Amino acid sequence: MTNRRSRTESPRSHELPHHRAILEGTDWASLATVCGTGGSLPTALARFIDPDPVVRTAAVDDALREVTHQNTIYEATVPVACYVAAVLHHPVIAAGDSGTDAGMPPHRPTVVRLLEWLGDTAYDADDECVAISERHCGEGFLDEDREMRAFRELRPALFSAVRPLLDHDDAQVRDAAFVAAVPLAEHPALATHRAELVGHARRLLATGTDRHHRDRALDAMKAWGHDTGDLENADDIAARERYARLKAERDSWWAADGTGGYSESPPF
């Protein structure tokens, strides 16, 4: 982020600006994105709350594509994340989407897509990613990567927007909110909320079948010191064994400096 007006001011720990203030108070054209600057972002972001679900779907695709590439946090990522979190409870988005409106095929509601992006981005800036980067770049990595540092500082405010959706009537929304909340809750100020998230993890694991969601829930519980033996089903055990096997193969390949008998990089 720059130090000019282009930088959206960091909110206090649990406070997000109004979505309109974020949209109008950010100099988007000065912020780096995947392929240039964010000059086109205000138009796309404003359409997130368009009454037409077709317009909303296209706008989400257009805007999030600008800040989503190779697990990178860009200059424009933080204000986009602020805006996404700020509109999660907007009446248009809270009302949900109809998969048949205007001839649209079935799709994930806008709120679910926004939660998924927030979660994916939070995982790209989580403690594990920082540790990996510090191993490769040195312990001062976060001092240099201002964008990732800014996103990590924003986590309490993002969590405050995601948290109410953990009890949403729609299981699809609840699960997406949980997956987004887990990496956000790594922030030290949110440590007391992890016990609450364990309850949501247990509920997800009791009923959910999505592989990605189950993996996130199991990983979170293990990281927080909880035994998951009574929560794992046969598919979870098979997936865990497969992941361990792939990790062992990958570690073996890297230990041989990429030349340990493989004609090409392992397919994982």
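Rules used throughout
- Residues numbered from 1 in each chain as written.
- Predicted model: local features only at pLDDT ≥ 70, side-chain atom pairs only at ≥ 80, totals over all residues.
- Heavy atoms only, no water.
- Helix = DSSP H or I, 4+ residues; strand = E, 2+ residues; numbered from the N terminus.
- Buried < 20%, exposed > 50% of the residue type's maximum accessible area, 1.4 Å probe, protein only.
- Contact = heavy atoms within 4.5 Å.
- Areas by Shrake-Rupley, 256 points an atom, 1.4 Å probe, with all protein chains shown as cover.
- Axes fitted to C-alpha atoms, helices over the stretch in contact; angles between N-to-C directions.
- Parallel < 35°, antiparallel > 145°, perpendicular 65-115°, else oblique.
- Left-handed = near helix turned anticlockwise from the far one by under 90°.
- 1 Å grid on protein atoms, 1.4 Å probe; cavity = no way out; pocket = protein on both sides within 12 Å on 5 of 7 lines; lining within 4 Å.
- Points joined across faces, edges and corners; volume = space filled by probe spheres on them.
- Nonpolar A, V, L, I, M, F, W, Y, C, P; charged D, E, K, R; others polar.
- Expected span 1.5 Å × (residues − 1).
- Bend = angle between axes of the 7 residues up to and from the residue.
- Phe/Tyr/Trp six-rings, centres within 6.5 Å; stacked < 30°, edge-to-face > 60°.
- Lys NZ or Arg CZ within 6 Å of the ring centre and 35° of its normal.
- Arc of directions from axis to C-beta.

Hey, could you go over the overall build of the protein for me, with residue numbers and the actual values?
Broken down by element type, the protein carries 13 helices and 2 strands. Going through the 268 residues of the protein one by one, you find that 45% of them count as buried. In the protein, 62% of the contacts between residues at least 6 apart in sequence involve partners at least 24 apart. Accessible area for the protein stands at about 13,700 Å²; split by element, carbon and sulfur atoms hold 50% of it.

With reference to specific residues and values, describe the packing of helix 9 (residues 146-162) against helix 10 (residues 171-184).
Two elements in contact, helix 9 and helix 10, have axes whose closest approach is 9 Å; the angle formed by their N-to-C orientations is 160°. The orientation of helix 9 relative to helix 10 falls into the category roughly antiparallel. Handedness of the helix 9/helix 10 crossing: left-handed. Listed contacts from helix 10 to Arg-155, Leu-158, Phe-159 and Val-162 of helix 9 are Ala-177, Ala-180, Ala-181, Pro-183 and Leu-184.

Mind laying out the layout of surface pockets, listing which residues take part and the relevant values?
Volume-wise, the largest pocket comes out at about 590 Å³. Around the largest pocket, the lining comprises 18 residues; the ones closest to its centre are Tyr-123, Asp-126, Glu-128, Cys-129 and Arg-216. Secondary-structure elements contributing two or more residues to the lining of the largest pocket are helix 6 (110-124), helix 7 (127-137), helix 10 and helix 12 (211-223). Among the residues making up the lining of the largest pocket, the classes are represented as 10 nonpolar, 2 polar and 6 charged.

Provide a residue-level description of helix 9, including the pertinent values.
Its 17 residues give helix 9 an end-to-end C-alpha distance of 24 Å, which sits within 8% of 24 Å, the value for a rise of 1.5 Å per residue. Residue Arg-155 marks the point of greatest curvature in helix 9, where the axis turns by about 45°; the proline Pro-156 follows within four residues. Counting buried positions along helix 9 yields 13 of 17 residues, so the element is predominantly enclosed.

Hey, could you go over the packing of aromatic side chains for me, with residue numbers and the actual values?
Taken as a whole, this structure holds 1 aromatic pair when the rule is applied. Centroid distance Phe-48 to Tyr-83: 5.9 Å. Interplanar angle 65°. Geometry classified as edge-to-face. Highlighted residues: Phe-48 in the loop between helix 2 (41-46) and helix 3 (53-65) and Tyr-83 in helix 4 (residues 77-87), separated in sequence by 35 residues. This pair shows no difference in class: Phe-48 is buried, exactly as Tyr-83 is. Just above the ring of Tyr-123 sits the side chain of Arg-216; from NZ or CZ to the centre is 3.5 Å.

Which residues make up helix 13 (residues 234-255), and what are the values?
Each α-helix winds once per 3.6 residues, and so residues spaced three or four apart point in a common direction. Compared with the 32 Å implied by 1.5 Å per residue over 22 residues, the 32 Å span of helix 13 between its first and last C-alpha is a close match. The set of residues buried in helix 13 consists of Asp-236, Ala-239 and Trp-253. Looking straight down helix 13, one finds that the buried residues subtend no more than 110° of arc, so they occupy a single side. Along helix 13, the residues that are exposed and aim more than 90 degrees away from the buried face are Ala-234 and Ala-255. Buried residues along helix 13 sit in contact with helix 12.

Please give an account of the environment of Ala-63 that cites residues and values.
By the element assignment, Ala-63 lies in helix 3. The class of Ala-63 is buried, set by a relative accessible area of 0%. In this structure the C-alpha to C-alpha distance between Ala-63 and Leu-41, which are 22 residues apart in sequence, comes to 5.8 Å. If we skip the residues at most four places from it in the chain, Ala-63 touches Leu-41, Ala-44, Leu-45 and Phe-48.

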